[in-house]
Amino acid sequence: MEKVFHLGLTRQDLNGATLAIVPGDPDRSARISTLLDNPECLAKTREFHVYRGELNGHSVVVCSTGIGGPSTSIAVEELAQLGIDTFLRIGTTGAIQPHINEGDILISQASVRLDGASQHFAPLSFPAVSDFFATQAMVNACDKLGIKFHIGITASSDTFYPGQERYDTYSGYVPRAFQGSCEEWQKLGVMNYEMESATLFTMCAALGLRAACVAGVLVNRTKQEIPNVDHGEIEKKSVAVVIEAAKLLLN
């Protein structure tokens, strides 16, 4: 059986899995895998660390994507070739609305397409929107676990610094196209910035796949730029949500 190019896996390796949990961080991928039954590492290549385990008797894959849209698109494409049709992204984020607190959980309904990779799958007039049922599973998971959450629109940027209008950089310069952009997104009710959801949502919607995204808030940028919270506790909450959502979708 032929292996996919980057992940180096075959459909047989996934043992019938149709759902993948997709964090960015390879180490987070490993930590999530320990919450599955019978976890097994399938591959470690570049940013893609892939594990397989079981939830409620169903095979599930956990695959890190690295940072940003281009590498995310590779992971999604190759996992789809291997039979995955549902992608649950878990990440961290910076909030830009004053009422959102550090440690809160954000569920993205849709994303502002500030990336480039999504345009390789559909024109900018095509919306970057999550799958309704996968997103509802995230909401139901939060309700079941008693975890506070916000649901809304995310700004998804290819860059961490200029695209998110950060001035604490080597040059201190933000190109004109992004100057004032954070304030504009705030006025339009956008919750947060991150770097993968626009590519994930656009790609999956265009290809007939399902995607949802949950993220833990590390910092509220209306108050400060540098996080000073317990990353571990925030990760535990967001991981609990995505695991519970996966169980609901697999039932």
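In what follows, the structure referred to is the one given above.
Please read all numbers here as calculations on a predicted model, not as lab measurements.

Quick look at helix α5 (residues 197-207)
Then step 1. Of all eleven residues making up α5, eight are buried, and the element is well covered by its neighbours.
Then step 2. Restricting attention to buried positions, one finds in α5 the residues Ser197, Ala198, Thr199, Leu200, Phe201, Thr202, Met203 and Cys204.
Then step 3. Glycine 208 occupies a position one or two residues after α5 and carries a positive phi of about 80°.

A look at the nonpolar core
Then step 1. Of all hydrophobic cores here, the largest spans 29 residues; its most connected members are Leu19, Ile21, Leu88, Met138, Val214, Val242 and Ile243.
Then step 2. Looking at this core, the elements with two or more residues in it are β1 (19-23), β3 (48-55), β4 (58-63), β5 (86-95), β6 (105-114), α3 (132-145), β10 (210-220) and α6 (231-250).
Then step 3. Top contributing element to this core by residue count: α6, with eight residues.
Then step 4. In contact with leucine 88, not counting residues within four places along its chain, are Leu19, Ala20, Ile21, Val22, Ala134, Met138, Ala212, Val242, Ala245, Ala246 and Leu249.
Then step 5. Judged by nonpolar contacts, the second largest core, of 27 residues, contains Val22, Val61, Ala128 and Leu209.

Section: the packing of aromatic side chains
Then step 1. Inspection of every chain in the model, using the stated rule, returns two aromatic pairs.
Then step 2. Ring centres of phenylalanine 132 and phenylalanine 133 lie 5.2 Å apart, and the angle between their planes is 85°; this geometry places the pair in the edge-to-face category.
Then step 3. Over the aromatic face of phenylalanine 160 sits the side chain of arginine 166, whose NZ or CZ is 3.9 Å from the ring centroid.

Section: the environment of valine 61
Then step 1. Within the secondary structure, valine 61 sits in strand β4.
Then step 2. For the pair valine 61 and leucine 36, spaced 25 residues apart in sequence, the C-alpha separation works out to 9.5 Å.
Then step 3. When residues no more than four places from it in sequence are discounted, the contact partners of valine 61 are Leu14, Ala17, Leu19, Ala20, Ile21, Val50, Tyr51, Leu79 and Ile84.

Describing the pattern of salt bridges
Then step 1. The tally for this structure, following the rule as stated, stands at ten salt bridges.
Then step 2. Of the charged contacts in the structure, one is a salt bridge between lysine 144 and glutamate 244, with a shortest N-O distance of 3.0 Å. Residue lysine 144 is located in helix α3, and its partner glutamate 244 is located in helix α6; the two are separated by 100 residues in the primary sequence.
Then step 3. For lysine 144, a relative accessible area of 61% corresponds to the exposed category.

With respect to the packing of α3 against α6
Then step 1. In the contact formed by α3 and α6, the axes pass within 8 Å of each other and the chain directions differ by 120°. Between α3 and α6, the angle falls in the class oblique. Classified by chirality, the crossing of α6 by α3 is right-handed. For the pair α3 and α6, the contacting residues are Phe133, Ala134, Ala137, Met138, Asn140, Ala141, Cys142, Lys144 and Leu145 in the first and Ala240, Val241, Val242, Glu244, Ala245, Leu248 and Leu249 in the second.
Then step 2. Residue classes in the contact of α3 with α6 are distributed as 13 nonpolar, one polar and two charged.

What counts and what doesn't
- As a convention, each chain's residues are numbered from 1 in the sequence order in which they are written.
- Local features in this predicted model are restricted to residues whose pLDDT is 70 or higher, and side-chain atom pairs enter the listing and the counts only when it is 80 or higher, whereas totals over whole chains, interfaces and linings include all residues.
- Here the side-chain values reflect all heavy atoms present in the structure, with hydrogen atoms and water set aside.
- In this scheme, a residue with accessible area under 20% of its type's maximum is buried, one over 50% is exposed, and one in between is partly exposed, where area comes from a 1.4 Å probe on protein chains only.
- Numbered from the N terminus, helices here are DSSP runs of H or I no shorter than four residues, and strands are runs of E no shorter than two.
- The definition of a nonpolar core used throughout is a set of buried Ala, Val, Leu, Ile, Met, Phe, Trp, Tyr and Cys residues joined through side-chain atoms within 4.5 Å.
- Should any heavy atoms of two residues lie within 4.5 Å, those residues are counted as being in contact.
- Any two rings among Phe, Tyr and Trp, with Trp reduced to its six-membered ring, count as a pair given centres within 6.5 Å; such a pair is stacked if its planes are under 30 degrees apart, edge-to-face if over 60, and tilted if neither.
- For a Lys NZ or an Arg CZ to count as sitting over a ring, it must be within 6 Å of the ring centre and within 35 degrees of the ring normal.
- By salt bridge we mean one thing: a side-chain nitrogen of Lys or Arg within 4 Å of a carboxyl oxygen of Asp or Glu.
- Here, axes are lines fitted to C-alpha atoms. For helices the fit covers the stretch in contact, and angles between N-to-C directions go from 0 to 180 degrees.
- Angle categories: roughly parallel below 35 degrees, roughly antiparallel above 145, roughly perpendicular from 65 to 115, and oblique for all the rest.
- In this scheme the crossing of two helices becomes right-handed for a clockwise turn of the near helix relative to the far one and left-handed for an anticlockwise turn of less than a right angle.
- Note that Gly is not counted as nonpolar here; it falls among the polar residues with everything else outside the nonpolar set of Ala, Val, Leu, Ile, Met, Phe, Trp, Tyr, Cys and Pro and the charged set of Asp, Glu, Lys and Arg.

Coordinates in, geometry out; function isn't part of it.
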